[in-house]
Amino acid sequence: MTALTLSTAAAPGLRADAIVIGVAKGAKGPVVAPGAEAVDNAYDGKLAGVLETLGASGAEGELTKLPAPAGFKAPLVVAVGLGAEPGGKDEDAGYDAEALRKAAGLAARALAGSRKAAFALPIDSPGAVGAISEGVLLGAYSFDAYKENGRQAQGAKAKNGKAPLAEAAVLGGKPRDAAHKGAVARALAVSEELNRARDLINMPPNDLTPAAFAGIAQTAGKEHGIKVQVLDDKALVKGGYGGILGVGGGSAATPRLVKLTYTHPAAEKHLAFVGKGITYDSGGISLKPAGHNETMKCDMSGAAAVFAAVVAAARLGLEVNVTGWLALAENMPSGSAVRPGDVLRMYSGKTVEVLNTDAEGRLVLADALWAASQENPDAIVDVATLTGAMMLALGSRTFGVMANDDAFRSAVYEAAEEVGEPAWPMPLPEHLRKGMDSSVADIANMGERWGGGLVAGLFLREFVGEGITWAHLDIAGPAFNEGGPFGYTPKGGTGSAVRTLVRLAELTAAGDLG
Ligand code: BES
Ligand code: MN
Ligand code: ZN
């Protein structure tokens, strides 16, 4: 990953490939954001005009390259858009953290192939330092483990595409200030783990089997002081995990249930995170048509997010106990696969009539939710690429938040907003429950077509222990970016929900949640 430092150096003397500055949309055209004064001075204070001539407006997503002024050691200035200039009614308002994150990410990605860049963006708080750092570390991400030559040494020219930006200096950050240093440390832990989640999502499903994922979790657990327990297929049979076994039964790559336990000696609260980890979703016997299965390696994004969040919580030493549950299985059609019409006896003891084998996520989650419930945590949050219906409702960048508690749903939604993850609260309408009534079992795994994302949420609710606060994040839309990269979001696996989960753990540790 990109090496990041805070620097008090002045821009002109900096040896770097580029200096990144911010440009905002002012009332009368682009304005140069604070942090870039030295660059603007070298342009005789006319940088805003130069940028306007070059077509810049300061809009988000805009990137303008211009030669550095005479006397600068760095040859290039990269101006990135920050959106509307803050101010107006609230005179103290600074630049929004998400605007900084996006701008830094865009610049970091555009500077792939460069050795070093200096980021001279507006910093008015430790939060801004953290946001810029996160933007750089997340935006510079690229997945090239499977390209010819494999991952290139950073800074070297890759045969296939450019190597990620090797080094970033955040100018205006105070290297001796505890709050600034803390913000960088947090950004580093969160971004490194989030990028690891992206790697897992991008890994092809022939390599990332349930067993392989479990092995990766075990290695990470050892490194970060997290207890990792793996139930393999034999242990799952013994324990009666009918949901995970049913879904995994069609694949030669057998399923796993992984439990990650992070504890803090002074913790007063216990959070459980549960992730859907379908390493590949073919649909099973209810096979998906061509055009719907090419990206289905992403169906373990929930488990990847949970894994990353637990490791990040451990690295940050948060004063809260966090348990992560990864429900890992491959959904394949075969002679041993679950059929539409089969009835599964779930870990909770309930029976489920499988009407569509492509509604498999809720089956593996049901077992993991019930397993998580046995420890009676203060709250459970599950994360899953669960339904195409949620994508239809909210599009490809926003995840849905459902819960059995209105206040908790709001808290989760607000935590997501705070960290820059677009989310939206969704209801669990009671009338949709009867659509899942089965004539042979306690419940069917499918219900009414309309509101399919909410139906799935209602199904999951049945497997949450009595009295336990629970929220469900359906990340089917934002988990995998099929379009071009934007802001700090790359193509492919995005790491959606990681930052929301980490924030929830932080809020719980601080006693600000539940
Ligand atoms: N993994 C899919 C949901 C999905 C779709 C995720 C598109 C990401 C992008 C899930 O297992 C699924 O197939 N859901 C079905 C449920 C239906 C059969 C009730 C769906 O949404 O069509
Ligand atoms: Mn499916
Ligand atoms: Zn699925």
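Residues numbered from 1 in each chain as written. Chains lettered and ligands numbered in written order. Predicted model: local features only at pLDDT ≥ 70, side-chain atom pairs only at ≥ 80, totals over all residues. Heavy atoms only, no water.

An unreviewed UniProt entry lists the protein chain under the name Probable cytosol aminopeptidase, with Streptomyces actinomycinicus given as the organism. Quoted verbatim from the Subcellular location (unreviewed entry) heading of the UniProt record, the comment on the protein chain is "Cytoplasm". The heading Function (unreviewed entry) in the UniProt record of the protein chain holds the text "Presumably involved in the processing and regular turnover of intracellular proteins. Catalyzes the removal of unsubstituted N-terminal amino acids from various peptides." (UniProt positions renumbered as here; feature names shortened; annotations may be inferred.)

1. A few points about the coordination of the manganese ion (ligand 2)
The protein atoms that coordinate the manganese ion (ligand 2) are Asp281 (OD), Asp358 (O), Asp358 (OD) and Glu360 (OE), at distances spanning 2.0 to 2.2 Å. In this structure, the manganese ion (ligand 2) is coordinated by 6 donor atoms arranged in irregular fashion, with angles at the metal of 70 to 170 degrees. Every donor residue of the manganese ion (ligand 2) comes from the same chain, spaced as D-x76-D-x1-E. The distance between the manganese ion (ligand 2) and the zinc ion (ligand 3) is 3.1 Å, with Asp281 acting as a donor to both metals. Residue classification places Glu360 among the buried positions, given a relative accessible area of 1%. (Donors = N, O, S within 2.8 Å, 3.2 Å for Na, K, Ca; no water. Tetrahedral: all angles 85-135°; square planar, octahedral: opposite > 155°, others 65-115°. Buried < 20%, exposed > 50% of the residue type's maximum accessible area, 1.4 Å probe, protein only.)

2. Here's the deal with helix 5 (residues 178-202)
Between its terminal C-alpha atoms helix 5 stretches 36 Å, which fits the 36 Å expected from 25 residues at 1.5 Å a residue. Between the side-chain oxygen at the start of helix 5 and the backbone nitrogen of Ala179 there is a gap of 2.8 Å, and the oxygen is on Asp177. (Helix = DSSP H or I, 4+ residues; strand = E, 2+ residues; numbered from the N terminus. Expected span 1.5 Å × (residues − 1). Polar contact = N/O pair within 3.5 Å; in protein donor to acceptor, adjacent residues only side chain to side chain.)

3. Some words on unusual backbone geometry
Note on backbone geometry: most residues besides glycine have negative phi, and most peptide bonds are trans. For Asp44, which is not a glycine, the phi torsion comes out positive at approximately 60 degrees. Judged by its relative accessible area of 62%, Asp44 is exposed. Its identity as a non-glycine residue notwithstanding, Ala497 has a phi of 85 degrees, on the positive side. Locating Ala497 in the fold gives a position in the loop between strand 20 (492-493) and helix 14 (498-509).

4. Some thoughts on the sheet that holds strand 12 (residues 343-345)
Strands sit in the order 12-13-17 across an open sheet of 3 strands; the sheet is mixed. Either end of the sheet is taken by a strand with one partner, and the two such strands are strand 12 and strand 17 (443-444). Pairing between strand 13 (residues 351-353) and strand 17: 2 bridges, direction parallel. Counterpart to Glu353 in the pairing with strand 17 is Ala444. (Pairing = 2+ DSSP bridges.)

5. Some remarks on the UniProt feature "active site" (unreviewed entry) in the protein chain
The UniProt feature table records "active site" (unreviewed entry) at Lys288 and Arg362. Assignment of secondary structure puts Lys288 in the loop between strand 10 (270-281) and helix 9 (301-316). The class of Lys288 is buried, set by a relative accessible area of 15%. Other than its neighbours up to four places away in sequence, Lys288 contacts Asp281, Ser282, Gly283, Asn293, Met296 and Asp358. Tracing the chain through its elements places Arg362 in helix 10 (residues 361-373). Exposure remark for Arg362: the relative accessible area of 8% places this residue in the buried category. (Contact = heavy atoms within 4.5 Å.)

6. Digging into helix 4 (residues 126-139)
Counted at 1.5 Å a residue, the expected span for helix 4 with its 14 residues is 20 Å, and the 20 Å between its end C-alpha atoms agrees. Among the 14 residues of helix 4, 12 are classified as buried, and the element is accordingly described as predominantly covered. Among the residues making up helix 4, those that are buried are Ala128, Val129, Gly130, Ala131, Ile132, Ser133, Glu134, Gly135, Val136, Leu137, Leu138 and Gly139. Looking at the packing, one finds that the buried side of helix 4 touches strand 1 (3-7), helix 3 (97-110), strand 6 (116-120), strand 7 (167-171), helix 5 and helix 14.

7. Some thoughts on the coordination of the zinc ion (ligand 3)
Ligation of the zinc ion (ligand 3) by protein atoms is provided by Lys276 (NZ), Asp281 (OD), Asp299 (OD) and Glu360 (OE), these donors lying 2.0 to 2.4 Å from the ion. Geometry at the zinc ion (ligand 3) is octahedral, judged from its 6 donor atoms and the angles of 79 to 174 degrees they form at the metal. Sequence positions of the residues that donate to the zinc ion (ligand 3) give the spacing K-x4-D-x17-D-x60-E.

8. Considering the nonpolar core
Membership of the largest hydrophobic core comes to 65 residues, with the highest contact counts inside it found for Phe213, Leu260, Phe273, Phe307, Leu326 and Leu473. With 12 residues, the top contributor of residues to this core is helix 9. Counting 45 residues, the second largest nonpolar core, distinct from the first, contains Met346, Leu365, Ala372 and Phe463. (Core = buried A, V, L, I, M, F, W, Y, C linked by side-chain atoms within 4.5 Å.)

9. Here we look at the environment of Ala166
The topology assignment puts Ala166 in the loop between helix 4 and strand 7. The spacing of Ala166 and Leu260 is 94 residues in sequence and 32 Å in space, taken between C-alpha atoms.

10. Quick look at the packing of aromatic side chains
Tallied over the full model, the rule gives 5 aromatic pairs. Ring centres of Phe213 and Phe307 lie 6.0 Å apart, and the angle between their planes is 70 degrees; on these two criteria the pair is classed as edge-to-face. Taken together, the positions of Phe213 in helix 6 (residues 210-224) and Phe307 in helix 9 put the pair 94 residues apart, joining distant regions of the chain. For the pair Phe213 and Phe307, a shared accessibility class is recorded, and that class is buried. (Phe/Tyr/Trp six-rings, centres within 6.5 Å; stacked < 30°, edge-to-face > 60°.)

11. Some thoughts on the domain arrangement of the protein chain
Its domain assignment divides the protein chain into domain 1 (3-172) and domain 2 (194-509). Computed from C-alpha coordinates alone, the two centres of domain 1 and domain 2 are separated by 36 Å. Between domain 1 and domain 2, the residue contacts involve 15 residues of the former and 17 residues of the latter. Surface buried jointly by domain 1 and domain 2 totals about 1300 Å² across both partners, of which 58% is contributed by carbon and sulfur atoms. Among the residues of domain 1 in contact with domain 2, Leu138, Tyr141 and Tyr146 are the three that bury the most area, contributing 47% of the side total. In this structure, the connection of domain 1 to domain 2 is made through 1 salt bridge. Linking Arg499 and Glu134 is a salt bridge whose minimum nitrogen-to-oxygen distance equals 3.8 Å. Put simply, domain 1 and domain 2 have 9 residue pairs in polar contact (both at pLDDT 80 or more) between them. The dominant element in the side of domain 1 that touches domain 2, judged by the number of residues it contributes, is helix 3, at 6 residues. Residues belonging to the side of domain 1 that touches domain 2 are distributed by class as follows: 6 nonpolar, 3 polar and 6 charged. (Domains from an automatic or database assignment. Buried area = accessible area lost by both parts, 1.4 Å probe. Salt bridge = Lys/Arg side-chain N within 4 Å of Asp/Glu carboxyl O. Nonpolar A, V, L, I, M, F, W, Y, C, P; charged D, E, K, R; others polar.)

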